[in-house]
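Inside the fold
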Amino acid sequence: MGILVLVADAVRRETDATTGRIAAALLMGMPLFFYCSAAVMTDLALLLGTTLAMISFRTAVRENSRRWGYGFFIGLAIGLLAKGPLALVIAIPPVAGWVFLTGDWRRSWKSLPWITGTLLMLALALPWYLAAEHKTPGFLDYFIVGEHWKRFMVRGWKGDLYGNAHSETPGTIWLYLLMVTFPWCLGFLAVPFRKWRDGRKWAMAGDGRGLYWLLWAVWPVAFFTPARNIISTYPLPALPAMAILLAGLVRDRSGEKRFHPFHTALAGVCLVMVLISGVVSILAPQFAPKSSEREVVRNFRAESGPEDRLLYFGSRRYSAEFYSGGQVDTTKSTTELTNRLDSPGRLFLAATTRNFDALPPAIQRRFTPSAHLKTKRTNLYIERDDTPLMTGIDASRIYPIGN
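As the structure is a computational prediction, the values presented were derived from the model and not from experiment. (Residues numbered from 1 in each chain as written. Predicted model: local features only at pLDDT ≥ 70, side-chain atom pairs only at ≥ 80, totals over all residues. Heavy atoms only, no water.)

**Regarding the packing of helix α4 (residues 43-63) against helix α6 (residues 86-102)**
Contact pair α4 / α6: the axes reach a minimum separation of 9 Å and the direction vectors enclose 25 degrees. The orientation of α4 with respect to α6, classified from their angle, is roughly parallel. At the point where α4 passes α6, the crossing takes the right-handed sense. Across the interface between the two elements, Leu 46, Thr 50, Ala 53, Met 54, Phe 57, Arg 58 and Val 61 of α4 pack against Leu 86, Ala 87, Ile 90, Ala 91, Pro 94, Val 95, Trp 98 and Val 99 of α6. When the residues that make up the contact of α4 with α6 are grouped by side-chain class, the tally is 13 nonpolar, one polar and one charged. (Axes fitted to C-alpha atoms, helices over the stretch in contact; angles between N-to-C directions. Helix = DSSP H or I, 4+ residues; strand = E, 2+ residues; numbered from the N terminus. Parallel < 35°, antiparallel > 145°, perpendicular 65-115°, else oblique. Left-handed = near helix turned anticlockwise from the far one by under 90°. Contact = heavy atoms within 4.5 Å. Nonpolar A, V, L, I, M, F, W, Y, C, P; charged D, E, K, R; others polar.)

Structure representation (structure tokens):
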């Protein structure tokens, strides 16, 4: 909601309130923004920081506002807390590029509190970095070098502790950008100018308004173009600027009958996508994607006692760690699973049907499925009270005799 308000207000200051609402609606209608608004991830917190920084800089320079100038550094601090120095890499180059291309050095220097603002940014973010390094030594090396260099430059980087590296062909992020903004990205086909002179005039109008939004929209995607380890959420920082540019096209071509960003075809495609999603979710829920472990954790808490534990067998589920407050363990070892069975309290085992069926029958017989869980992705199994303990015996090596 904060991002949508910032986008609507920024466009209102440049044009009018109606265009501002159109920009916010276009942003909310982009599939990636809609998905991230409810996903367990820090990407939207990063987007809040970079959006606040970019809009604050533009407003501070135009209105000579020190208050908005401090907003620029507060936005950078939010980004540093959410995703680290990546926030600086996303926000500062477009700003520097705009200042260089417009030559507006003096006003940019005078409008922002560069010294006190930088101190404010460091005061908000630096204590957390120091506390994290003190609590977990090696954090800074992993977070700065690993997450901000090796993740993007080393193919198939194996050092990721909290995610999955995806080795992709350089430039794949542009394909992701089309996918995560479809169908509204097709609205850029309505760009009115066809010559360089017309484009330059549009970019430099209104104190370089078009140039500023364009640099903001292009830079995050251009930066990740050579990266090998990327996922489809990486174009997210560019989406607010894309929505602003599209809203500007709606405003500039509102009187024309030809193609524009709100063309009937685009609205129709979006409506069909929404209807299909709704029909699948309501009438055929078995085909709807389910990536949340919230129901598993909720069911465990409803049926467990003080000494009971929840263990995931197979792949690690970050959603389960989130909803349980970090009280979930994961293993792929049947030996460790057997040791957990011999510990005090009942063991609740979360696993897919495939992973559970791969367990030795002797271990399977010690569990009974939960009767209340309805999720299709992960099943919850409860340790039975009516099976004898096998202390000192490796259950993974025991198989039944006969039928």
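Further notes follow.
**Focus: the sheet that holds strand β3 (residues 347-351)**
As a general point, the strands of a sheet are linked pairwise by backbone hydrogen bonds and lie either parallel or antiparallel. Taken together, five strands build an open sheet; the order of strands is β2-β1-β3-β5-β4 and the sheet is mixed. Edge positions in the sheet fall to β2 (329-331) and β4 (367-369), since each of these pairs with one other strand and no more. Taking the axes of each pair of neighbouring strands and ignoring which way they run, one obtains an average angle of 30 degrees across the sheet. Here three bridges tie strand β1 (residues 309-313) to β2, and the two strands are oriented parallel to one another. Residue pairing for β2: Leu 311 is matched across the bridge by Asp 329. Along the sheet face, helix α16 (residues 334-341) touches β1, β2, β3, β4 and β5 (379-383) and points at about 165 degrees away from the line of β1. (Pairing = 2+ DSSP bridges.)

**Comments concerning helix α2 (residues 17-28)**
The terminal C-alpha atoms of α2, which comprises 12 residues, lie 17 Å apart, in line with the 16 Å expected from a rise of 1.5 Å per residue. Every buried residue of α2 is accounted for by Thr 19, Gly 20, Ile 22, Ala 23, Ala 24, Leu 26 and Leu 27. On its buried face, α2 is in contact with α1 (2-14), α3 (31-36) and α12 (239-252). Its side-chain oxygen at 3.1 Å from the backbone nitrogen of Thr 18, Asp 16 defines the N-terminal cap of α2. (Expected span 1.5 Å × (residues − 1). Buried < 20%, exposed > 50% of the residue type's maximum accessible area, 1.4 Å probe, protein only. Polar contact = N/O pair within 3.5 Å; in protein donor to acceptor, adjacent residues only side chain to side chain.)

**Considerations on the nonpolar core**
Ranked by internal contacts, the top residues of the largest apolar core, which has 76 residues, are Leu 27, Phe 57, Phe 72 and Leu 239. The leading source of residues in this core is α12, at 10 residues. With near-sequence residues (within four places) excluded, Phe 57 lies in contact with Phe 72, Val 95, Trp 98, Val 99, Ser 108, Leu 112, Trp 114 and Tyr 212. Residues Leu 311, Leu 341, Leu 347 and Leu 359 belong to the second largest nonpolar core, which totals 12 residues. (Core = buried A, V, L, I, M, F, W, Y, C linked by side-chain atoms within 4.5 Å.)

**Points about the packing of aromatic side chains**
The final tally for this structure, using the stated rule, is 22 aromatic pairs. Pairing Phe 57 with Phe 72 gives two aromatic rings, centres 5.8 Å apart and planes at 55 degrees, and the pair type is tilted. With Phe 57 in helix α4 and Phe 72 in helix α5 (residues 66-83), this pair connects stretches of sequence that are 15 residues apart. The same class applies to Phe 57 and to Phe 72, which are both buried. Measuring from ring centre to ring centre gives 5.7 Å for Phe 73 and Trp 114, while their planes differ by 90 degrees; the resulting arrangement is edge-to-face. With a gap of 41 residues between them, Phe 73 in helix α5 and Trp 114 in helix α8 (residues 114-135) connect regions that are remote in the sequence. In this structure Phe 73 comes out as buried when scored by relative accessible area, which is 2%. For Trp 114, a relative accessible area of 26% corresponds to the partly exposed category. (Phe/Tyr/Trp six-rings, centres within 6.5 Å; stacked < 30°, edge-to-face > 60°.)

**A short note on the pattern of salt bridges**
Tallying each qualifying case throughout the model produces 16 salt bridges. Close ionic contact of Arg 12 with Asp 9 constitutes a salt bridge, the shortest N to O distance being 2.7 Å. Placement of the pair is Arg 12 and Asp 9 together in helix α1, with a separation of three residues, close to one helical turn. Its salt-bridge partner being Glu 14, residue Arg 62 comes within 3.7 Å of it at the nearest N-O pair. Here Glu 14 lies in helix α1 and Arg 62 lies in helix α4, a separation of 48 residues in the sequence. Arg 62 sits in the partly exposed class, given a relative accessible area of 31%. The exposure class of Glu 14 is buried, given its relative accessible area of 13%. (Salt bridge = Lys/Arg side-chain N within 4 Å of Asp/Glu carboxyl O.)

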